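Listed below, chain by chain, are the residues.
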Amino acid sequence: MSDYLIETKQLTKIYGDQTVVRDVNLHVKKGRIYGLLGRNGAGKTTIMKMILGLTSITVGEVDVFGHNIKGHEKSIYPRIGAIIETPGFYPNLTGTENLEIFARLRGTAGPNAVKNALEVVGLPYKDKKLFSKYSLGMKQRLGIANAILHDPELLVLDEPTNGLDPIGIAEMRGFIKHLSTECGKTILISSHILSEIALLADDIGIIDHGVLLEESTMKTLEKKNRKYILLRVSDISKAMLILEQKFRVSDFDMYDDHTLCLYDTSLDMAAINKALVMHDVSVISSQLCNDTLEDYFKRITGGEGIA
Ligand SMILES: Nc1ncnc2c1ncn2[C@@H]1O[C@H](COP(=O)(O)OP(=O)(O)OP(=O)(O)O)[C@@H](O)[C@H]1O
Ligand SMILES: [Mg+2]
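Residues numbered from 1 in each chain as written. Chains lettered and ligands numbered in written order. Predicted model: local features only at pLDDT ≥ 70, side-chain atom pairs only at ≥ 80, totals over all residues. Heavy atoms only, no water.

### Digging into the side chain of Glu159
Step number 1: Within the secondary structure, Glu159 sits in the loop between β8 (154-158) and α6 (166-181).
Step number 2: Polar side-chain contacts of Glu159 include one of 2.9 Å to the side chain of His192.
Step number 3: Glu159 has contacts with Lys44, Gln140, Ser190, Ser191 and His192, leaving out every residue within four places of it along the chain. (Helix = DSSP H or I, 4+ residues; strand = E, 2+ residues; numbered from the N terminus. Polar contact = N/O pair within 3.5 Å; in protein donor to acceptor, adjacent residues only side chain to side chain. Contact = heavy atoms within 4.5 Å.)

### Examining the state of the cysteines
Step number 1: A full pass over the atoms with the stated rule returns zero disulfides.
Step number 2: Here Cys261 is not disulfide-linked; the sulfur of Cys289 is the nearest cysteine sulfur, at 7.3 Å. (Disulfide = S-S within 2.5 Å.)

### Some remarks on the sheet that holds strand β9 (residues 186-191)
Step number 1: Spatially, six strands are ordered β7-β8-β9-β4-β10-β11 in an open sheet, and the strand pairing comes out mixed. A single partner strand is all that each edge strand has here, and the edge strands are β7 (80-83) and β11 (211-217). Mean inter-strand twist for the sheet, computed between neighbouring axes without regard to direction, equals 15°.
Step number 2: Relative to β11, strand β10 (residues 203-208) is paired through six bridges, and the arrangement is antiparallel. Bridging across to β11, Ile204 finds its partner in Ser216.
Step number 3: The strands touched by helix α1 (residues 44-51) within the sheet are β4 (33-37), β8, β9 and β10, with β9 carrying the most contacts at an inclination of about 150°.
Step number 4: Running over the sheet, helix α5 (residues 136-148) touches β7 and β8 and is turned about 160° from β7. (Pairing = 2+ DSSP bridges. Axes fitted to C-alpha atoms, helices over the stretch in contact; angles between N-to-C directions.)

### Concerning the site of ligand 1
Step number 1: Around ligand 1 sit Tyr15, Gln18, Val20, Arg39, Asn40, Gly41, Ala42, Gly43, Lys44, Thr45, Thr46 and Glu159, and that is every residue in its neighbourhood.
Step number 2: Separating an oxygen atom of ligand 1 from a backbone N or O atom of Ala42 is a distance of 3.1 Å.
Step number 3: Protein contact buries 59% of the 640 Å² of open area that ligand 1 shows by itself.
Step number 4: Counting residues per element, the ones that place at least two in the shell around ligand 1 are β2 (18-24) and α1.
Step number 5: Among the elements that line the shell around ligand 1, the one with the most residues is α1, at three residues.
Step number 6: Across the shell around ligand 1, the residue classes tally to three nonpolar, six polar and three charged. (Near = heavy atom within 4 Å. Areas by Shrake-Rupley, 256 points an atom, 1.4 Å probe, with all protein chains shown as cover. Nonpolar A, V, L, I, M, F, W, Y, C, P; charged D, E, K, R; others polar.)

### Re the domain arrangement of the protein
Step number 1: Examined at the domain level, the protein breaks down into domain 1 (4-216) and domain 2 (227-289).
Step number 2: If you average the C-alpha positions of domain 1 and of domain 2, the two centres end up 44 Å apart. (Domains from an automatic or database assignment.)

### Examining the sheet that holds strand β13 (residues 252-256)
Step number 1: Spatial strand order, β13-β14-β12-β15: four strands in an open sheet with antiparallel pairing. Every other strand in the sheet has two partners, leaving β13 and β15 (283-290) as the edge strands with one partner each. Shown here is a sheet whose adjacent strand axes are inclined to one another by a mean of 25°, direction ignored.
Step number 2: As defined by bridge partners, strand β12 (residues 227-233) adjoins β15 across seven bridges and the pair is classed as antiparallel. Each bridged residue has a counterpart across the sheet, and for Tyr228 the counterpart in β15 is Cys289.
Step number 3: Along the sheet, helix α10 (residues 269-278) contacts β12, β14 (259-262) and β15; its crossing angle with β12, the most-contacted strand, is approximately 20°.

### Remarks on the layout of surface pockets
Step number 1: What the largest pocket holds in volume is close to 460 Å³.
Step number 2: Lining the largest pocket are 18 residues, and of these Tyr77, Ile80, Gly81, Ala82 and Arg106 lie nearest its centre.
Step number 3: Elements that contribute at least two residues to the lining of the largest pocket include exactly β7, α3 (95-106) and α5.
Step number 4: Of the residues forming the lining of the largest pocket, the biggest block, four residues, is contributed by β7.
Step number 5: Considered class by class, the residues forming the lining of the largest pocket number eleven nonpolar, five polar and two charged. (1 Å grid on protein atoms, 1.4 Å probe; cavity = no way out; pocket = protein on both sides within 12 Å on 5 of 7 lines; lining within 4 Å. Points joined across faces, edges and corners; volume = space filled by probe spheres on them.)

What follows is the structure in structure tokens.
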């Protein structure tokens, strides 16, 4: 079986003559938090809706739990919890009453499901407060509680922190982390806020104008946030050999055919330059760089940074 809980293959959505999602190959691994990052209109909600069967797929495929969603809806969807846009809660009922209705409608929740779900998001059970009197933060929490009522293995959360203040955002982050680390849920979450994804996600997909520009682990991406030495040389293979054998350098990447990124900035560059030249490797340039994650996003999305 595949390692992925969600895998999309060439997923594409066309509205009229506009392609809003193009050839997206997403890979969400079991037990991880996958952050889908993209500015407004990038296609995040549309991708999630296609995964959840809430809008049709124009071209491509979605596999969830190792099966194509087409024809397996009944076995797949009860194992997923989701928040897509605002859930339709009844304003004149309390949070507990709302959840009890949803639990009954879904028919799969256990006897303590409502109590347990409210506990995870820190809302009181059997509280008298009506939903219409809830703050936005409480409404968002109730949305999460509703999504986890039936104890799903996979959560799909579309911008759950939208509109929250910094404290609300931090609290929401806490619930989501808890669901991942303590309850073992796999989570696909979207956001247009870079720092939010950076703090929460294990893996990240960057979407821009419907195209998945990059997909990697957060760890790999953080490397791009480090200080490094960009070394341009005439013969990269020879240079790598000298660095490894003479200077015991192991933490580096090939940037392109002539350029290396050395992540140990305490290296004695004068000695390295000298050794390279002595072995007939010309050093075209050597430069200390400090790319922030923000710089990186600006570069790959070709414009303004994302929040
Ligand atoms: N029903 C629809 N009909 C036509 N175009 C649509 C429809 N739904 C979405 N779009 C377009 O598809 C594109 C992607 O929209 P989507 O809502 O998926 O983006 P998003 O990344 O979720 O944005 P946001 O951060 O604002 O929520 C946008 O250009 C949007 O206008
Ligand atoms: Mg959206």
